[in-house]
Amino acid sequence: MITFLSGLAVLLIGGLIYGRVSERIIKPTDDATPAVSMQDGVDYVPMNKKKNALIELLNIAGTGPILGPLQGILFGPIAFITIPIGCVIGGAFHDYMVGMISVRNKGAQMPGLVRQFLGKHINGVYLVFVSLSLLLLGTVFIYTPGDLFVSQILNQDSAATNPVVWIVYGGIFLYYIVATFFPIDKIIGKVYPIFGAILLLSAVGVFVGLFVKGYPLVEIWDAEAMGYPFKTNFIPIFFVTVSCGICSGFHSTQATLVSRTMVNEHEGRTTFYDMMILEGVIAMIWAAAGMGALQMGLTSADALSNQPTNVVGIVAKDMLGSIGGIIAVVGVIVLPITSGDTALRSLRLIIGDSVKIDQKKKKNVLFLALSIFVVVAGLLTWSKLNPSGFNTLWQYFAWANETIAVFAFSMIAFYMKQHGMPYLMALIPGTFYQYVVVSYILNARIGFNLPWTWAYIVAGVIAAGYAIIVMLIKTKPKLNTV
């Protein structure tokens, strides 16, 4: 437990310190936010601090901070160290800066910010990656909660031949359509407090269960003796696998969404930075649960790697009993649903803003939403009917997700350079993730399938070049924050 509890301390204390440092650098003002000055009753809608923070948490916390750590813990207790450090200086900083920059630029979505600070040509490339990422995320976040509900709540086979599976998918699909189309405060703002209560209750229950059930956790100094393979290509595989618990490019699309409902810049640290720290806590809890279940023989390494959704049900029911276990599983089901709806909402906003479609008109919003859902329906059907379809979608999503994080860090770095801020805070994690995404895709079967040696060499050269370019490009100083 020492490594696990030490990691939690690093996460909470480090988050408190680094969050305050980030806040002092960005210097929140009392200027009117877009939610106040640009109200439109659809996306620019003033909401209170607690509701914004809860929406941000549920938006960013899909199945990633649960399924990712369950798979990532196979690298051993080193996960209890890398998750908190990466979350503090990478993920939480990433989310906070993107959210604040968006607030100061009329609630611009990520393509608008990328175009403004990185140029229209880079923005064209970014649009491809972010659209792909959001489409894939919206698809897998119908697939995973649907299968969890069928298998863990209804206790039925989640195979494509079971018609109940498609009925459940249809129910989630219908909710996504409603949440994507209607004003953010009418649907999302109403149901999220209920979802949030379930999420937090399940996380607290699993955390307490670690101690009550006495789940054995391996210390980092005993990891090699226990056979944990954390020396097997830890970089990049671990950081792509556990992306949502450490740093996720998807979060940038959600921070810009919430930037349109925040009424005061001083709420930014709680809304953006602290909610990512809380997601890191959830990731740590489930990583510990996965390790304990493996040590107790409740699951296997193969199950953690290939069937993490089943492990969720096993752990929850072992710790909390039948009823408590169902509540915990429902909490896990809630996570992807509350990310999938806003992912597709973000995609609708991004596409509309990019092609300059007036989204104050309901017919335009409906047209965009239905167009997106036709594509999602096609991807969902293909992935369910194809034996390797889901794994293929997830691998592409995981890689594209970290790739758009590199774009976000680049945008943050140039904003900070322009405003005389210490841009190395963005350049260092950005360079690291540049190395991660390049080395991963060069080696992966879904990519170039090169040997690891060549993947690492080429990735190192590209990452170094990226850092040099960011440092050498000059920006015009800008004293104001608008």
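Everything discussed here concerns the structure shown above.
Definitions and limits used
Residues numbered from 1 in each chain as written. Predicted model: local features only at pLDDT ≥ 70, side-chain atom pairs only at ≥ 80, totals over all residues. Heavy atoms only, no water. Disulfide = S-S within 2.5 Å. Patch = residues over 30% accessible without salt bridge, like charges linked within 9 Å, V, L, I, M, F, W, Y side chains within 5 Å. Areas by Shrake-Rupley, 256 points an atom, 1.4 Å probe, with all protein chains shown as cover. Salt bridge = Lys/Arg side-chain N within 4 Å of Asp/Glu carboxyl O. Helix = DSSP H or I, 4+ residues; strand = E, 2+ residues; numbered from the N terminus. Contact = heavy atoms within 4.5 Å. Axes fitted to C-alpha atoms, helices over the stretch in contact; angles between N-to-C directions. Parallel < 35°, antiparallel > 145°, perpendicular 65-115°, else oblique. Left-handed = near helix turned anticlockwise from the far one by under 90°. Nonpolar A, V, L, I, M, F, W, Y, C, P; charged D, E, K, R; others polar. Phe/Tyr/Trp six-rings, centres within 6.5 Å; stacked < 30°, edge-to-face > 60°. Buried < 20%, exposed > 50% of the residue type's maximum accessible area, 1.4 Å probe, protein only. Expected span 1.5 Å × (residues − 1). Bend = angle between axes of the 7 residues up to and from the residue.

Colleague: How would you summarise the state of the cysteines if you had to cite specific residues and measurements?
Modeller: Going through the model one piece at a time under the given rule, you end up with zero disulfides. The thiol of Cys-87 is not disulfide-bonded; the next cysteine sulfur, from Cys-247, is found 8.9 Å away. Note on Cys-244: no disulfide assigned, nearest cysteine sulfur contributed by Cys-247 at a separation of 9.8 Å.

Colleague: Got a sec to walk through a nonpolar patch on the surface? Specific residues and values, please.
Modeller: Side chains of Ile-2, Val-10, Ile-81, Ile-85, Ile-89, Ile-220 and Trp-221 sit close together on the surface and give an oily, nonpolar patch of about 610 Å² of accessible area. Only helix H1 (2–26) and helix H5 (79–103) provide two or more residues apiece to the nonpolar patch. Of all the elements, H5 adds the most residues to the nonpolar patch, at three residues. With respect to the secondary-structure elements, Ile-89 resides in helix H5.

Colleague: Summarise the side chain of Asn-123; cite the residues concerned and give the values.
Modeller: Within the secondary structure layout, Asn-123 lies in helix H7 (residues 120–153). For Asn-123, the residues in contact, after removing those within four places along its chain, are Pro-111, Val-114 and Arg-115.

Colleague: Give me the lowdown on the packing of H5 against helix H10 (residues 234–241), citing residues and values where you can.
Modeller: Interaxial distance between H5 and H10 falls to 12 Å at its minimum, and their mutual angle equals 65°. Taken as axis vectors, H5 and H10 run roughly perpendicular relative to one another. Along this stretch, H5 crosses H10, giving a crossing that reads as right-handed. Across the interface between the two elements, Ala-79, Thr-82 and Ile-83 from H5 touch Phe-234, Phe-238 and Phe-239 from H10. Its residues assigned to classes, the contact of H5 with H10 comprises five nonpolar, one polar and no charged.

Colleague: Mind laying out the packing of aromatic side chains, listing which residues take part and the relevant values?
Modeller: Counting across every chain of the model gives 22 aromatic pairs. Look at Phe-75 and Phe-234: their rings are 5.5 Å apart centre to centre, the planes differ by 75°, and that puts the pair in the edge-to-face class. Of this pair, Phe-75 sits in the loop between helix H4 (64–72) and H5 while Phe-234 sits in helix H10; the two residues are 159 residues apart in sequence, bridging distant segments of the chain. By relative accessible area, Phe-75 is classed as buried at 10%. Using a relative accessible area of 11% as the deciding quantity, one classes Phe-234 as buried. Summarising the aromatic geometry, the rings of Phe-75 and Phe-238 are spaced 5.8 Å apart at their centres and angled 90° between planes, so their arrangement reads as edge-to-face.

Colleague: Would you mind going over H5 in detail, with residue names and values included?
Modeller: Relative to the 36 Å expected for 25 residues at 1.5 Å per residue, H5 spans 33 Å between its end C-alpha atoms, a close match to the ideal helical length. Its maximal kink placed at Cys-87, H5 deviates by approximately 50°. Within H5, 22 of the 25 residues are buried, leaving the element largely enclosed by the surrounding structure.

Take it as geometry only, folks, not as evidence of what the structure does.
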